[in-house]
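# Examination of the molecular architecture
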Amino acid sequence: MKILVINGPNLNMLGQRDKKYYGSVTLKVINNNLKKQALNKVKLKFYQSNCEGKIVTFIQKHLKYDAIIINAGAYTHTSVAIHDALELFKGEIIEVHLSNIKEREEFRQTDYISLVASKCFMGNKEKSYYDALSYLLK
Ligand code: DQA
C-alpha cells in the first residue's frame, strides 16, 4: 500500500501557529511519527505546498497511489481545483484537520474536501493525522 500525505498552506509553520488550535509540534515531527507508525507496512510519500496549483499537479502525478491523507489547510474552504483533482483519484481519501473546523468561524464551515473524502479526522491536533493512518492501516 502506498499513501500520500499532503499538507496545504501554512502547515509548514506548525509549531509557530496558534497552539490552541494547532498544538505545538512541527510538521517534521508529525511526518516522522507517521513514518514510525507505518513501519514497513506501507510506503508514505510526504508533500507540503503553499500553492494551490502545485498541490493539484502533485495529486495528478500520483493517481496510482492507494490512499491520500490530506490537510488542505485554508484551501479546504476555497479550493474547487483541489476538490476536482481529488475527484480524479480512485483510492481512498482521508481528510485531516488539527482543529475542529466545525466549531470555528463561519468561513471555515464550507469544506470542499469533505465532498470527496470518505472519512475525516479533526479536532485532535496532531493526533488527527495518526488516527487517519491507523484507520488506513486497519
Ligand atoms: C486547518 C484548519 C483550516 O481552517 C486552517 O486554515 C488551517 C489548518 C487545521 O488543520 O485545523 O490552516 O486545516
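Structure: see above.
Residues numbered from 1 in each chain as written. Predicted model: local features only at pLDDT ≥ 70, side-chain atom pairs only at ≥ 80, totals over all residues. Heavy atoms only, no water.

Checked against the element boundaries, N31 lands in helix α2 (residues 27-38). Residue class for N31 comes out buried when judged on its relative accessible area of 13%. Apart from residues no more than four positions distant in its own chain, N31 is found in contact with V5 and F46. (Helix = DSSP H or I, 4+ residues; strand = E, 2+ residues; numbered from the N terminus. Buried < 20%, exposed > 50% of the residue type's maximum accessible area, 1.4 Å probe, protein only. Contact = heavy atoms within 4.5 Å.)

Around the ligand, the neighbouring residues are R17, Y22, N71, G73, A74, H77, H97, L98, S99, I101 and R108. Contact between the ligand and N71: an oxygen atom at 2.8 Å from a side-chain N or O atom of the residue. Here an oxygen atom of the ligand and a side-chain polar atom of R108 are 2.7 Å apart. If the ligand stood free it would expose 320 Å²; the protein chains cover 98% of that surface. By residue class, the composition of the shell around the ligand is 4 nonpolar, 5 polar and 2 charged. (Near = heavy atom within 4 Å. Polar contact = N/O pair within 3.5 Å; in protein donor to acceptor, adjacent residues only side chain to side chain. Areas by Shrake-Rupley, 256 points an atom, 1.4 Å probe, with all protein chains shown as cover. Nonpolar A, V, L, I, M, F, W, Y, C, P; charged D, E, K, R; others polar.)

For the pair α2 and helix α5 (residues 127-137), interaxial distance at closest approach is 10 Å and the crossing angle is 20°. Regarding the angle of α2 to α5, the classification is roughly parallel. Crossing geometry of α2 relative to α5 is assigned as right-handed. When α2 is examined against α5, the residues V29, I30, N33, L34, Q37 and A38 are found in contact with a partner set consisting of Y129, Y130, L133, S134 and L137. (Axes fitted to C-alpha atoms, helices over the stretch in contact; angles between N-to-C directions. Parallel < 35°, antiparallel > 145°, perpendicular 65-115°, else oblique. Left-handed = near helix turned anticlockwise from the far one by under 90°.)

Counted under the stated rule, the structure contains 3 aromatic pairs. Measuring from centroid to centroid gives 6.0 Å for Y21 and Y22, while their planes differ by 55°, and the two rings are tilted. For Y21, a relative accessible area of 25% puts it in the partly exposed group. Using a relative accessible area of 9% as the deciding quantity, one classes Y22 as buried. A ring pair is formed by Y47 and F58, whose centres lie 4.1 Å apart and whose planes are at 5°; its orientation type is stacked. Note that Y47 is positioned in strand β2 (residues 43-48) and F58 in helix α3 (residues 52-61), a separation of 11 residues in sequence. (Phe/Tyr/Trp six-rings, centres within 6.5 Å; stacked < 30°, edge-to-face > 60°.)

Where a protein is soluble and globular, its nonpolar side chains tend to be buried together. Counting 22 residues, the largest nonpolar core has I3, L34, L44, I69, Y129 and L133 as its most contacted members. Where this core is concerned, the elements lending two or more residues are β1 (2-7), α2, β3 (67-71), β4 (92-97) and α5. Leave out the neighbours within four places in its chain, and Y129 touches N7, L11, I30, L34, N71, V96 and L98. Residues L4, V56, I82 and A117 belong to the second largest nonpolar core, which totals 19 residues. (Core = buried A, V, L, I, M, F, W, Y, C linked by side-chain atoms within 4.5 Å.)

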